[in-house]
Amino acid sequence: MAQNASSEPTPQDLGFFSRLAHPGYFLQWSAYWLKPLAILVCALLAIGLFYAFYNSPADYQQGDTVRILYIHAPAAWLSQFSYAVMAVASIGSLVWRHPLADVSAKAAAPIGATFTAIALATGALWGRPTWGTFWEWDGRMTSTLVMLFIYLGIIALWRTFEDQARAGRIIAVITLVGAINVPIIKFSVEWWNTLHQPASVFRLDGPTMPMSMLIPLFVMFFAFSFLFLLLHFISMRAEILRRRIRSAERRNAQRLRSQG
Amino acid sequence: MIDIGQHAEYIIGAYAITGLLVGALIIWINRDYATQEKRLKDLEAKGIRRRSDEKKV
């Protein structure tokens, strides 16, 4: 039964958070953030790279390979953060069946997969001169590799289903099951005997790194985080448009069928 | 350019891989957005709209 157009809520009728999450309203407000975010990311990356190469010392043990950590650690952080975004979106998708939650989860997967691949590659390139090996099947590295496979599986699943609303619910369950890997990655260095060093920044007794190394690390951390936000916004916008196209094409096909 | 020591190839390799993968991701996401925007405009130009958009017209 078709609803009366006047009884449907417009974005203005909704509360603040519901309005933010309304797909049509999201397209409007996110458009204003793209350019400022792009400028912010470029500026932070320029400052971060300057500090990483010109204004930070070599480590007394690792030497200059410490400069790899300024991209490795932020990439590893985003690998887990992207998954956390997908897990929260999956709850939104399952509990409230919110269409923007589906869109958010789908848009975050390729970004998370890319940063997981970067974390693994840069970790291997740091490990060879520091540990003497590119790869070791220890807890941190293996669980991060598993994370990459989970991401790739989720991306493949999104492409398998024609009905994206149904896909959203199935993939939300799989995403939440896979979320068990996030604390495993985080605590792997404490639970198992591993080559990977324990946390050296976010510790109860404070960071073990000097300020001269913390500055490039934090600047790159924010650069990567804002880059994630920017790419996530653009990717979500593309996904909303893709769903609108599918809906318009379906409607057109129905109309042609009823006419013919 | 500063001297990045005896392990320069690993440091340059790490930054090159990161630049390549992030660059590819940025291009792919922006291209996808541009493609969807163009497809939607083409459909609207042909008068093909979603049910909710037709109500607004």
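Residues numbered from 1 in each chain as written. Chains lettered and ligands numbered in written order. Predicted model: local features only at pLDDT ≥ 70, side-chain atom pairs only at ≥ 80, totals over all residues. Heavy atoms only, no water.

## Details of the overall build of chain B
A tally of regular secondary structure across chain B gives 2 helices and 0 strands. As displayed, chain B offers around 3800 Å² of accessible surface, 59% of which is attributable to carbon and sulfur atoms. (Helix = DSSP H or I, 4+ residues; strand = E, 2+ residues; numbered from the N terminus. Areas by Shrake-Rupley, 256 points an atom, 1.4 Å probe, with all protein chains shown as cover.)

## Remarks on the packing of aromatic side chains
Residues and elements named next belong to chain A. Across all of its chains, the model carries 17 aromatic pairs over all chains by this definition. Pairing Phe218 with Phe221 gives two aromatic rings, centres 6.2 Å apart and planes at 80 degrees, and the pair type is edge-to-face. Taken as a pair, Phe218 and Phe221 lie in helix H8 (residues 211–259) at a separation of 3 residues, close to a single helical turn. With a relative accessible area of 30%, Phe218 lands in the partly exposed category. For Phe221, a relative accessible area of 17% puts it in the buried group. One aromatic cluster is present, built from ring pairs that chain together Trp77, Phe81, Phe218, Phe221, Phe222 and Phe228. Directly above the aromatic system of Phe187 lies the positively charged group of Lys186, at a separation of 5.9 Å from the ring centroid. (Phe/Tyr/Trp six-rings, centres within 6.5 Å; stacked < 30°, edge-to-face > 60°. Buried < 20%, exposed > 50% of the residue type's maximum accessible area, 1.4 Å probe, protein only. Lys NZ or Arg CZ within 6 Å of the ring centre and 35° of its normal.)

## Considerations on the environment of A:Ala87
Residue and element names in this part refer to chain A. Mapped onto the secondary structure, Ala87 falls in helix H3 (residues 69–95). Considering only alpha carbons, one finds Ala87 and Gly48, 39 residues apart in sequence, at a separation of 30 Å. Beyond its immediate stretch of four places on either side in the chain, Ala87 contacts Thr175, Leu176 and Ala179. (Contact = heavy atoms within 4.5 Å.)

## Considerations on the interface of chain A and chain B
Listed as interface residues are 43 residues of chain A and, on the opposing side, 34 residues of chain B. In total, about 3700 Å² of surface goes out of reach between chain A and chain B, with carbon and sulfur atoms giving 72% of it. The interface formed by chain A and chain B includes 2 salt bridges. A salt bridge links A:Arg242 to B:Asp32; the nearest nitrogen and oxygen atoms lie 2.9 Å apart. Applying the counting rule to chain A against chain B returns 3 residue pairs in polar contact (both at pLDDT 80 or more). Residue assignment for the side of chain A that touches chain B shows that the elements contributing at least two residues are helix H2 (23–54), H3, helix H4 (99–131) and H8 of chain A. Counting residues per element, the side of chain A that touches chain B draws most heavily on H8(A), which supplies 17 residues. (Buried area = accessible area lost by both parts, 1.4 Å probe. Salt bridge = Lys/Arg side-chain N within 4 Å of Asp/Glu carboxyl O. Polar contact = N/O pair within 3.5 Å; in protein donor to acceptor, adjacent residues only side chain to side chain.)

## A few points about the confidence of the model for chain A
Of all residues in chain A, 93% have pLDDT values of 70 or greater, and the mean over the chain is 88. Segment residues 1–7 of chain A: pLDDT under 50, and 3 contacts once partners within four positions in sequence are set aside and those in other chains are kept. (pLDDT = per-residue confidence, 0-100.)

## Here we look at the packing of H4(A) against helix H1 (residues 8–45) of chain B
As a packed pair, H4(A) and H1(B) sit with axes 9 Å apart at the nearest point and diverge in direction by 170 degrees. In terms of orientation, H4(A) and H1(B) fall into the roughly antiparallel class. Note on element contacts: H1(B) touches H4(A) through B:Tyr10, B:Gly13, B:Ala14, B:Ile17, B:Thr18, B:Leu21, B:Val22, B:Leu25, B:Trp28 and B:Ile29, opposite A:Pro110, A:Ile111, A:Thr114, A:Phe115, A:Ala117, A:Ile118, A:Ala121, A:Thr122, A:Leu125, A:Arg128 and A:Pro129. Class assignment for the residues of the contact of H4(A) with H1(B) results in 16 nonpolar, 4 polar and 1 charged. (Axes fitted to C-alpha atoms, helices over the stretch in contact; angles between N-to-C directions. Parallel < 35°, antiparallel > 145°, perpendicular 65-115°, else oblique. Nonpolar A, V, L, I, M, F, W, Y, C, P; charged D, E, K, R; others polar.)

## Some details on the packing of H2(A) against H8(A)
Residue and element names in this part refer to chain A. Across the interface, H2 lies against H8 with an axial gap of 8 Å and an inter-helix angle of 150 degrees. Judged by the inter-axis angle, H2 sits roughly antiparallel to H8. Seen along the crossing, H2 lies across H8 with a hand that is left-handed. Residue composition of the contact of H2 with H8, grouped by class: 33 nonpolar, 3 polar and 2 charged. (Left-handed = near helix turned anticlockwise from the far one by under 90°.)

## Topic: the confidence of the model for chain B
Summary statistics for chain B give a mean pLDDT of 87 and a share of 82% for residues scoring 70 or more. The ipTM, which scores confidence in the relative placement of chains, is 0.88 for this predicted complex, and the corresponding pTM is 0.89.

## Concerning the pattern of salt bridges
Residue and element names in this part refer to chain A. Tallying each qualifying case throughout the model produces 7 salt bridges over all chains. Arg242 serves as the salt-bridge partner of Glu239, at 3.0 Å between the closest nitrogen and oxygen. Here the residue Glu239 and the residue Arg242 both occupy positions in helix H8, the gap between them amounting to 3 residues, near one helical turn. Using a relative accessible area of 18% as the deciding quantity, one classes Arg242 as buried.

## Observations concerning the nonpolar core
All names here are of chain A. Counting residues in hydrophobic clusters, the biggest one holds 74 residues, and the most contacted among them are Tyr70, Tyr83 and Phe115. When residues in this core are grouped by element, the largest group, 17 residues, is from H8. Here Tyr83 is in contact with Met147, Ile150, Tyr151, Ile154, Ile174, Thr175, Gly178, Ala179 and Val182, once residues within four sequence places are set aside. (Core = buried A, V, L, I, M, F, W, Y, C linked by side-chain atoms within 4.5 Å.)

## Here's the deal with helix H6 (residues 164–178) of chain A
All names here are of chain A. Across its 15 residues, H6 extends 20 Å between first and last C-alpha, which sits within 8% of the 21 Å expected from 1.5 Å per residue. On the buried face of H6, the contacting elements are H3, H4, helix H5 (139–160), helix H7 (181–191) and H8. One side-chain oxygen at the N-terminal end of H6 lies 3.1 Å from the backbone nitrogen of Ala165; it belongs to Asp163. (Expected span 1.5 Å × (residues − 1).)

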